[in-house]
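Working through the structure, step by step
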Amino acid sequence: EDQVTQSPEALRLQEGESSSLNCSYTVSGLRGLFWYRQDPGKGPEFLFTLYSAGEEKEKERLKATLTKKESFLHITAPKPEDSATYLCASRSGNTPLVFGKGTRLSVIA
Amino acid sequence: GAGVSQSPSNKVTEKGKDVELRCDPISGHTALYWYRQSLGQGLEFLIYFQGNSAPDKSGLPSDRFSAERTGGSVSTLTIQRTQQEDSAVYLCASSGQENTGELFFGEGSRLTVL
């Protein structure tokens, strides 16, 4: 059974303090590792898809990377508006996405 | 509409009552998903519709849960004889390409069972 584990559960950063969120996955035949952002009271919003080890994607202050066992979401010089829950999800075969429980990020000004 | 629309946004019901939750996907999207998100938990897959294919119902937690999709567009998730453990946010998502992980989510329907 596919499993996705995210750490830490919660992270509090000062504005400008860079850090990384971790997503470990156990998937046979990975067909994509996905990152989403979820704001309170909203549905998740797609950020990135990674397909193979070594791949990287960037968007503003966010960079996602992928290895054979985990993915990292690096946040460089975060701002308060980056505060949200970040969700990681995997797909194998033709199955629907399997989500982790998320990392709740708070960026303090 | 421009995005996925869900209704109602909030629903409070008594234990044992039936509820219906509606999802209107992005026009032209062929794939539609229902997920459930409980407090402190990740998104739990419920059911998946793709075009005219038989739906993937493997995530439905019990036979009290059912869903249909009419005309390849609007979907309704029905929960019969609701229980307190059914309290959660029910999220609908649609996708324009088969087997893609880029899902467009609605804002969810928050269900509270008293």
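Residues numbered from 1 in each chain as written. Chains lettered and ligands numbered in written order. Predicted model: local features only at pLDDT ≥ 70, side-chain atom pairs only at ≥ 80, totals over all residues. Heavy atoms only, no water.

1. Let's talk about the overall build of chain B
Counting its regular elements, chain B contains zero helices and 10 strands. Listed N to C, the secondary structure of chain B is β-β-β-β-β-β-β-β-β-β in terms of helices and strands. Relative to its length of 114 residues, chain B is compact, with a C-alpha radius of gyration of 13 Å against a globular reference of 13 Å. Counting only C-alpha atoms and orienting by the principal axes, one finds that chain B spans roughly 40 × 25 × 25 Å. Looking at chain B as a whole, 48% of its 114 residues qualify as buried. Restricting to contacts in chain B with at least 6 residues of sequence separation, those with at least 24 account for 55%. Accessible area of chain B: about 5,600 Å², with a carbon and sulfur share of 42%. Of the side-chain charges in chain B, 10 are positive and 13 negative, and the distance between the mean point of each set is 6 Å. (Helix = DSSP H or I, 4+ residues; strand = E, 2+ residues; numbered from the N terminus. Rg over C-alpha atoms; globule rule 2.2 N^0.38 Å. Buried < 20%, exposed > 50% of the residue type's maximum accessible area, 1.4 Å probe, protein only. Contact = heavy atoms within 4.5 Å. Areas by Shrake-Rupley, 256 points an atom, 1.4 Å probe, with all protein chains shown as cover. Lys, Arg positive; Asp, Glu negative; His and termini not counted. Charge placed at Lys NZ, Arg CZ, Asp CG, Glu CD.)

2. Some points on the state of the cysteines
Enumeration over the complete set of coordinates arrives at two disulfides over all chains. The disulfide bridge from A:Cys23 ends at A:Cys88, spanning 1.9 Å between sulfur atoms. In this structure the cystine formed by A:Cys23 and A:Cys88 twists about its S-S bond by roughly -60°; its chirality is therefore left-handed. With a gap of 65 residues between them, A:Cys23 in strand β3 (residues 19–26) and A:Cys88 in strand β9 (residues 84–92) connect regions that are remote in the sequence. The exposure class assigned to A:Cys23 is buried, which follows from its relative accessible area of 0%. Accessibility expressed as a relative area gives 0% for A:Cys88, which makes it buried. Paired through a disulfide, B:Cys23 and B:Cys92 show a sulfur-sulfur distance of 1.9 Å. Classification of the bridge connecting B:Cys23 and B:Cys92 rests on its S-S torsion, roughly -65°, and on that basis the disulfide is left-handed. Linking B:Cys23 in strand β3 (residues 19–24) with B:Cys92 in strand β8 (residues 88–95), this pair joins segments that are 69 residues apart in sequence. When its relative accessible area of 0% is taken as the criterion, B:Cys92 is described as buried. (Disulfide = S-S within 2.5 Å.)

3. Observations regarding the interface of chain A and chain B
By a widely used convention, the size of an interface equals the accessible area lost when the partners come together. Listed per partner, the contact involves 17 residues of chain A and 19 residues of chain B. Summing both sides of the interface, chain A and chain B together bury roughly 1,500 Å²; the carbon and sulfur share of this comes to 52%. Remark: the boundary between chain A and chain B carries one salt bridge. Two residues, A:Lys42 and B:Glu107, come together in a salt bridge whose shortest N-O distance is 3.0 Å. (Buried area = accessible area lost by both parts, 1.4 Å probe. Salt bridge = Lys/Arg side-chain N within 4 Å of Asp/Glu carboxyl O.)

4. Here's the deal with the environment of A:Asn22
Residue and element names in this part refer to chain A. As for its placement among the helices and strands, Asn-22 is situated in strand β3. Residues Asn-22 and Ala-64, 42 residues apart in the sequence, show an inter-C-alpha distance of 10.0 Å. Those residues in contact with Asn-22 that lie beyond four places of it in its chain are Thr-5, Gln-6, Ser-7, Trp-35, Glu-70, Ser-71 and Phe-72. Reaching out from Asn-22, the side chain makes a polar contact with the side chain of Ser-24 at a distance of 3.1 Å. (Polar contact = N/O pair within 3.5 Å; in protein donor to acceptor, adjacent residues only side chain to side chain.)

5. What about the sheet that holds strand β6 (residues 65–69) of chain B?
Residues and elements named next belong to chain B. One open sheet holds the four strands; their spatial order is β1-β3-β7-β6, and the pairing between them is antiparallel. If you trace the sheet from one side to the other, it starts and ends with β1 (5–7) and β6, each paired once. Adjacent strand axes in the sheet meet at a mean angle of 15° when their direction is disregarded. Note: β3 against strand β7 (residues 75–79), five bridges, orientation antiparallel. (Pairing = 2+ DSSP bridges. Axes fitted to C-alpha atoms, helices over the stretch in contact; angles between N-to-C directions.)

6. Observations regarding the side chain of A:Gln6
All names here are of chain A. By secondary structure assignment, the location of Gln-6 is in strand β1 (residues 3–7). Gln-6 gets classed as buried once you look at its relative accessible area, which sits at 9%. For Gln-6, the side chain forms a polar contact with the main-chain oxygen of Tyr-86, separated by 2.9 Å. In contact with Gln-6, not counting residues within four places along its chain, are Asn-22, Cys-23, Trp-35, Tyr-86, Leu-87, Cys-88, Gly-100, Lys-101, Gly-102 and Thr-103.

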